[in-house]
Amino acid sequence: MEIQTVVCAQAKPPSATPPSAPAPEKRKRVRRWHHRGFTGCSTCRRRHVRCDEASPSCKNCTRLGLECDGTQGRMTFKVYGPPQAPEPSSSPPKKREAKKPISHVLDPTDGNKLIKIEPGEEDESYDALVVSPTTIPDSKPMKYRFQEPISPAVFMSSSLDCVDGRYYTHFIDSVATLLLIYDNSINVNPYRRYFPELARSSPTMANAMQALGALHLANTARGQQRNLHFQRAMGKYGEVVKSFRTRYTQPDQNLQLTDLATCLLLSLFEMMDSQNHNWNIHLKGAREIYRLLFLPNSDPAKEAQRQAEMNHPLRHFLVSLLSYLDVAGACATSEGTVVEGSYWRTHGGGWEYNLGIPSLSSDTSAENPLLVELRQCWSVMMEIQAAISSFGKAKSEGQIPPEQQDLLYQDLMGRLVQWRLNAPKCIQEVGELDDESLKQYPYPEVLEYAGCIESYEKATVLYLHKVAAADRPDRVPQRALLDMLASRILNLIGKLAKDVGQLAVLWPLFTAGRETRNEREQKFVRETMISLQRFGFKNVEKGLEELEKAWFKQRAFPEGWIDRMEDVRSSILLP
């Protein structure tokens with residue numbers, strides 16, 4: 001904002017004349033102060049309405065769809081000089097003369113500046129400092145820093161208002177990093193780079209992104225701001241759900257990849273909110289969209305559209321995201337995956353989420369042989385987790401007798417042993433976790449990733465033991481093995497997972513915390529989960545509440561108890 005200071009000439013006192021008659025006492029002019037803003041936008045000043053002076057657009061202009069320059073007008077200040085002592089005057093008061101026009105002269109110190117001189121009034125002096133702004137039209141608008149594009153949110157239509165734009169930008173700049181977790185040079189972040197472009201053709205998807213941005217601000221804010229953000233998040237969420245309900249009750253509704261992306265964003269919203277298990281409903285909705293998009297169709301027109309969607313570059317990532325949430329939900333509910341089979345291999349072209357996304361990356365770093373091996377062994381681990389969840393579902397439904405349960409347990413344990421034997425060297429060589437051993441580790445660039453995958457392996461073994469022992473008083477728990485697995489998981493997390501990377505090992509942390517009986521380890525889990533709450537995911541808070549209940553039960557029944565399948569299940573999505 002350019003400021004010009006104009007000094008107006010002081011009023012000249014009237015010349016003294018010999019007293020001819022007693023002159024009336026001169027009255028001082030008292031200026032009335034009006035409580036009005038001087039920095040409102042030019043549109044509101046032109047319309048003579050009160051302006052809330054919001055930037056970059058005030059509420060009046062936003063509501064009426066008018067062009068608003070915020071508070072960016074150039075201001076000219078008129079500064080009136082200090083008062084002078086009045087001199088006695090015997091001449092009669094003069095009549096007020098017509099207001100003389102304002103003149104402009106060049107500043108003698110700077111030939112490029114104009115000084116506006118207003119004529120003084122000869123019958124009064126001033127006893128106050130008055131600031132009066134005057135907006136001068138600018139031929140070239142000034143560019144402020146907050147107007148510069150700060151993210152790919154510029155891809156969106158300019159129809160987004162100030163508040164919606166803030167939530168949309170927050171999703172891209174902050175939430176996107178937390179969703180991908182390993183947001184680094186080897187990962188192309190689709191939430192940031194490709195979702196904005198995809199949302200240009202889908203207002204519903206844009207609303208889902210805004211809902212996630214508003215919810216994250218609500219979860220990280222306090223006081224009244226938290227309530228305000230949460231209300232807006234639920235409002236956007238409701239708009240998306242209503243749009244889905246309206247669209248899919250209509251016959252012959254064409255589905256697109258944006259619908260799958262939107263449904264997965266709703267699942268992430270419910271995971272971040274964690275007030276209920278609606279994430280499972282949205283996963284089932286994503287399953288139906290997935291089937292219509294990727295399974296062969298007898299209708300030639302729909303088959304042609306399906307082939308087009310199959311060739312979309314985001315297909316690999318979205319199928320991997322669906323499987324990532326699907327398997328995590330299966331481990332929570334022990335009800336199996338909502339989409340059957342290893343579909344992330346058949347229709348996803350291989351699993352790719354955290355550990356590099358080669359289908360979207362032109363950089364060869366995502367094709368690093370170590371990362372390829374890590375993604376492949378992670379994919380096999382997900383298959384084993386899904387099989388254990390299906391085992392739990394069949395067991396809870398009473399479909400298999402105890403003898404067959406033991407056979408299934410042995411088969412699944414054999415698959416885990418084989419996974420360990422086939423694991424890449426970068427995982428097998430993660431041995432001791434002391435500083436000297438870690439310095440000698442031959443693959444330091446993937447050490448954190450290898451530790452993350454091993455912690456998932458150990459947590460999967462614990463999960464298998466929990467499912468197999470549920471409702472089986474005849475099975476003797478292998479307490480020493482379970483304690484060793486829990487301790488190894490927590491040591492891996494404590495040594496290798498740092499900062500936001502701890503979100504990548506949330507399920508192993510929760511699984512080990514529920515199993516350990518060691519108070520020192522329980523304290524570590526508690527402190528870690530409390531620290532993770534700063535990232536704005538309510539599933540962390542809900543998970544800690546479940547752990548506190550489990551630890552209280554351990555203290556109440558130190559001799560142990562027999563878990564039921566209901567004790568193994570959870571309504572919290574912890575991928």
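Residues numbered from 1 in each chain as written. Predicted model: local features only at pLDDT ≥ 70, side-chain atom pairs only at ≥ 80, totals over all residues. Heavy atoms only, no water.

**Q** Just checking my understanding: could you explain the nonpolar core for this structure?
**A** For soluble globular proteins, the rule of thumb is that nonpolar side chains tend to be buried together. If you look at the biggest cluster of nonpolar residues, it comprises 139 residues, and the most contacted ones within it are Y191, F317 and L374. A per-element tally of this core places helix α17 (residues 447-469) first, with 13 residues. If near-sequence neighbours (up to four positions away) are discounted, F317 is found in contact with L180, P190, Y191, F195, E352, Y353, I357 and L360. Core analysis: the second largest hydrophobic core is formed by six residues, C41, C51, C58 and C61 among them. (Core = buried A, V, L, I, M, F, W, Y, C linked by side-chain atoms within 4.5 Å. Buried < 20%, exposed > 50% of the residue type's maximum accessible area, 1.4 Å probe, protein only. Helix = DSSP H or I, 4+ residues; strand = E, 2+ residues; numbered from the N terminus. Contact = heavy atoms within 4.5 Å.)

**Q** Explain the UniProt feature "domain: Zn(2)-C6 fungal-type" (unreviewed entry) in the protein here, please?
**A** Under the feature "domain: Zn(2)-C6 fungal-type" (unreviewed entry), the UniProt entry names residues 40-68. Within residues 40-68, the helical portion is 41% and the strand portion 0%, while the C-alpha atoms at the span's ends are 10 Å from each other. (UniProt positions renumbered as here; feature names shortened; annotations may be inferred.)

**Q** What am I meant to see in the pattern of salt bridges here?
**A** A pair can form between side chains of opposite charge whenever their charged atoms are brought close. Considering all chains together, one arrives at 25 salt bridges under this definition. Across the salt bridge formed by R200 and E197, the nearest N and O atoms sit 3.5 Å from each other. The exposure class of R200 is exposed, given its relative accessible area of 52%. When its relative accessible area of 40% is taken as the criterion, E197 is described as partly exposed. Between R291 and E288 there is a salt bridge, and its shortest N-O distance comes to 3.6 Å. In this pair, R291 and E288 are both assigned in helix α9 (residues 279-294), three residues apart and thus about one turn of the helix distant. Note on E288: relative accessible area 36%, which makes it partly exposed. (Salt bridge = Lys/Arg side-chain N within 4 Å of Asp/Glu carboxyl O.)

**Q** How should I be thinking about helix α11 (residues 315-333) in this particular structure?
**A** Each α-helix winds once per 3.6 residues, and so residues spaced three or four apart point in a common direction. Spanning 19 residues, α11 covers 27 Å between terminal C-alpha atoms, matching the ideal 27 Å at 1.5 Å per step. For α11, the tally of buried residues reaches 18 of 19 residues, placing the bulk of the element in the interior. Within two residues after α11, S334 carries a phi angle of roughly 55°, on the positive side. (Expected span 1.5 Å × (residues − 1).)

**Q** For this particular structure, what's the right way to read the side chain of T262?
**A** Along the polypeptide, T262 turns up in helix α8 (residues 257-273). The contact partners of T262, leaving out residues within four places of it in the chain, are S202, T204, M205, A208, V240 and F244.

**Q** Where do I start with the environment of T528 in this structure?
**A** Tracing the backbone through its elements, the reader meets T528 in helix α20 (residues 519-532). Under the relative-accessibility criterion, T528 is labelled buried at 7%. For the pair T528 and D499, spaced 29 residues apart in the sequence, the C-alpha separation amounts to 9.9 Å. Not counting residues up to four positions away in its chain, the partners in contact with T528 are Q502 and L509.

**Q** In this structure, what is going on with the packing of aromatic side chains? I would like to understand it.
**A** Here a ring pair, both rings aromatic, is described through the centre-centre distance and the interplanar angle of the planes. Under the counting rule described, the total for this entry stands at 18 aromatic pairs. Grouped by ring-pair contacts, the aromatic residues F171, Y191, F195, F317, Y324, W351, Y353, W378, Y456, Y463 and W507 constitute a single cluster. Against the face of Y409 rests R475, its NZ or CZ located 4.6 Å from the ring centre. (Phe/Tyr/Trp six-rings, centres within 6.5 Å; stacked < 30°, edge-to-face > 60°. Lys NZ or Arg CZ within 6 Å of the ring centre and 35° of its normal.)

**Q** What is the right way to read unusual backbone geometry from this model?
**A** Where the residue is not glycine, phi is negative for most of them; where a peptide bond is considered, it is trans in most cases. Within the chain, H48 stands out as a residue other than glycine whose phi angle is a positive 60°. The backbone of I181 shows a phi angle near 65°, a positive value even though the residue is not glycine. Within the element layout of this structure, I181 appears in the loop between α3 (162-180) and α4 (190-193). With relative accessibility at 8%, the residue I181 sits in the buried group.

**Q** So what exactly am I meant to see when it comes to the environment of H347 here?
**A** Within the element layout of this structure, H347 appears in the loop between α12 (343-346) and α13 (369-396). Of the residues examined, H347 reaches a relative accessible area of 18% and is grouped as buried. C-alpha separation for the pair H347 and F294, spaced 53 residues apart in sequence, amounts to 7.2 Å. In this structure, H347 is in contact with Y290, F294, L295, M310, R315 and V319, ignoring residues within four places of it in sequence.

**Q** Sorry if this is basic, but what is going on with the side chain of S202 here?
**A** By secondary structure assignment, the location of S202 is in the loop between α5 (195-199) and α6 (203-220). In this structure S202 touches T258 and T262, once residues within four positions along its chain are discounted.

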